[in-house]
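# Survey of secondary and tertiary structure
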Amino acid sequence: MAKAPLGAGCFWGVESAFRQVEGVTDAAVGYMGGTLANPTYEDVCTDRTGHAEVVQLDYDPVQISYEELLRVFFDIHDPTTLNRQEPDYGKQYRSVIFFHDAQQERAAQKMKEELDRAGRFPRKIVTQIVPATDFWRAEEYHQRYFEKHGIAACRTH
């Protein structure tokens, strides 16, 4: 198994989307990229800890490649909005790829550059590509939130 922590706005919808992807064996929501150890949701929402809401994916590289995960990532959110996804705003909602090794970093940079060159989005991609740090699992009530509440997707209006 391999890991891929990705931030694409509110982690509930990101987790739900990736749980549908064949080859993803687990998805846990949490926080990464900040300065506070063991942050709570309330800490992260202050926009002062530096954490992003992320989904830590466990995946089987035999079934799905890292590049395929990145394609899903770029398809499920707007990577051109800085610190914002739909109605949610703040640094915790930033578009960010946390990489674990040089191969993941190269793949992420390459895909970002290719999508920008191809004009896939109307504006330049602002997704950060940074080294993975400690993953802090979010509170249990955030895990599988949509599944627990019978919600199909995020509301955007």
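Above this text you will find the structure in question.
Residues numbered from 1 in each chain as written. Predicted model: local features only at pLDDT ≥ 70, side-chain atom pairs only at ≥ 80, totals over all residues. Heavy atoms only, no water.

### With respect to the sheet that holds strand β3 (residues 52–59)
Spatially, six strands are ordered β7-β6-β1-β3-β2-β8 in an open sheet, and the strand pairing comes out mixed. The open sheet has two edge strands with one neighbour each: β7 (128–131) and β8 (136–137). Summarising the sheet, strand β2 (residues 24–32) and β3 pair through eight bridges and their orientation is antiparallel. By the bridge assignment, D26 is partnered in β3 with D58. Of the strands in this sheet, β1 (2–8), β2 and β3 touch helix α1 (residues 11–19), which is tilted by about 165° from β2. (Pairing = 2+ DSSP bridges. Helix = DSSP H or I, 4+ residues; strand = E, 2+ residues; numbered from the N terminus. Contact = heavy atoms within 4.5 Å. Axes fitted to C-alpha atoms, helices over the stretch in contact; angles between N-to-C directions.)

### Observations concerning helix α3 (residues 66–75)
Of all the positions in α3, only Y66, L69, L70, V72, F73 and F74 are classed as buried. Tucked into the core, α3 has its buried residues touching β1, α1, β2, β3, β6 (95–99) and α4 (102–118). (Buried < 20%, exposed > 50% of the residue type's maximum accessible area, 1.4 Å probe, protein only.)

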